[in-house]
Amino acid sequence: MRIKVCGMTSAEQVLQLDEMGVEFGGFIFYPKSPRYVFRSMPRAEIKKIRGQINKVGVFVNAPIEEVLQTVDDCGLYLVQLHGDETPRYCEKVADYVGVIKAFRLREDDNILWKIKDYQDVADMFLFDTEGAGYGGTGKKFDWSVLKGLNIGKPFFLSGGIQPEDTDLLKSFAAEPVAKDLFSIDVNSRFEISPGVKDMNKLRPFVTAVKQI
Ligand SMILES: O=C(O)c1ccccc1NCC(=O)[C@H](O)[C@H](O)COP(=O)(O)O
């Protein structure tokens, strides 16, 4: 199983993830987040990060020009649109860079209805938990809402995933919906403080998840 670790704020920690074989490192370009990357890393420093790890930029309702400029300045591989971006917005960004459209799920959501208009304009989806802010809630949504669905596009499973969840992930990976499961996404449950990851929690978790 692939892993994305989101909310990175230091080059040193991103390189540690790269050594562990983590496929995606997420950087939050949303000024209201406690993990806003420009508080600690300038654009050139993000661009300079080498290795196999793919850099993903997370944006919330940002002007398109700002997203595209940041992609160039920071050498981003994918963008994750985590706000209320419209299908047209996603389509414009997708002309330039790969797009992950994030959906914050509530229990009563009709998921297939919610994702329908984005099928042709996003490369991948990400399912996260609805909360007071836009992301990094540390809370799981009920994964059973995905059971039996044909998502029809690779997706990231996100929201409150924690070190103890490897058995839960194994069970989810056995569900038919997991044919489209592309990667999991982890964040606040592996932190010492916002933006600072606990490598002692991540290392064994990454090893275990890679065996699923
Ligand atoms: O993490 C943030 O601070 C954040 C703020 C605004 C938009 C998105 C944000 N995070 C995006 C992510 O991909 C997180 O990994 C995802 O929300 C799951 O976080 P968590 O529940 O803490 O595992």
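Residues numbered from 1 in each chain as written. Predicted model: local features only at pLDDT ≥ 70, side-chain atom pairs only at ≥ 80, totals over all residues.

**Q** Help me understand the site of the ligand in this model?
**A** Neighbouring the ligand are 27 residues; C6, G135, G136, N187 and S188 lie closest to it. Broken down by secondary-structure element, the contributors of at least two residues to the shell around the ligand are β2 (24–28) and β8 (181–186). Its residues assigned to classes, the shell around the ligand comprises nine nonpolar, 14 polar and four charged. (Near = placed C-beta within 6 Å. Helix = DSSP H or I, 4+ residues; strand = E, 2+ residues; numbered from the N terminus. Nonpolar A, V, L, I, M, F, W, Y, C, P; charged D, E, K, R; others polar.)

**Q** Quick question: what am I supposed to make of the sheet that holds strand β4 (residues 78–81) here?
**A** Strand pairing in a sheet takes place through backbone hydrogen bonds and is either antiparallel or parallel in direction. The eight strands lie next to each other as β1-β2-β3-β4-β5-β6-β7-β8, forming a closed barrel whose pairing is parallel. Neighbour to neighbour, the strand axes of the sheet diverge by 30° on average, direction disregarded. Its contacts with the sheet place helix α4 (residues 87–94) against β4 and β5 (98–105), and it is angled at close to 150° to β5. (Pairing = 2+ DSSP bridges. Axes fitted to C-alpha atoms, helices over the stretch in contact; angles between N-to-C directions. Contact = placed C-beta atoms within 7 Å.)

**Q** Looking at this structure, I do not really get the confidence of the model for the protein chain. What am I missing?
**A** Detailed reading of the predicted coordinates is not advisable wherever pLDDT is low. Of the residues in the protein chain, 100% have a pLDDT of 70 or more, and the chain-wide mean is 97. Across the predicted assembly, pTM comes out at 0.97 and ipTM at 0.98. (pLDDT = per-residue confidence, 0-100.)

**Q** Explain the nonpolar core here, please?
**A** What tends to happen in soluble globular proteins is that the nonpolar side chains get buried as a cluster. By size, the foremost hydrophobic cluster in this structure holds 59 residues, and its most contacted members are F59, F155 and I184. In contact with F155, other than residues within four places in its own chain, are M124, F125, L126, F127, D180, L181 and F182. (Core = buried A, V, L, I, M, F, W, Y, C linked by C-beta atoms within 7 Å. Buried ≥ 20, exposed ≤ 12 C-beta atoms within 10 Å, placed from the backbone.)

**Q** It is not clear to me how the UniProt feature "domain: N-(5'phosphoribosyl) anthranilate isomerase (PRAI)" (unreviewed entry) in the protein chain should be interpreted in this structure. Could you clarify?
**A** The positions that UniProt labels "domain: N-(5'phosphoribosyl) anthranilate isomerase (PRAI)" (unreviewed entry) are, in the present scheme, residues 4–207. Helix and strand shares over residues 4–207 are 28% and 22% respectively, and the end C-alpha atoms of the span are 13 Å apart. (UniProt positions renumbered as here; feature names shortened; annotations may be inferred.)

**Q** What's the story with unusual backbone geometry in this structure? I'm lost.
**A** Generally, phi is negative for residues other than glycine and the peptide bonds are trans, each holding for most cases. At N61, a residue that is not glycine, the phi angle is positive and equals roughly 50°. You can see N61 is positioned in the loop between β3 (54–59) and α3 (64–74).

**Q** Quick question: what am I supposed to make of α3 here?
**A** A turn of α-helix holds 3.6 residues, and therefore any two residues three or four places apart point the same way. Looking at α3, one finds that the buried residues are V67, T70, V71 and C74. Down the axis, α3 shows its buried residues gathered within 105° of arc, on one side only. Opposite the buried face of α3, by more than 90 degrees, sit the exposed residues E65 and D72. Structurally, α3 contributes buried residues whose contacts are with α2 (43–48), β3, β4 and α4. Downstream of α3 by a residue or two, G75 has a phi angle that is positive, lying close to 65°. (Arc of directions from axis to C-beta.)

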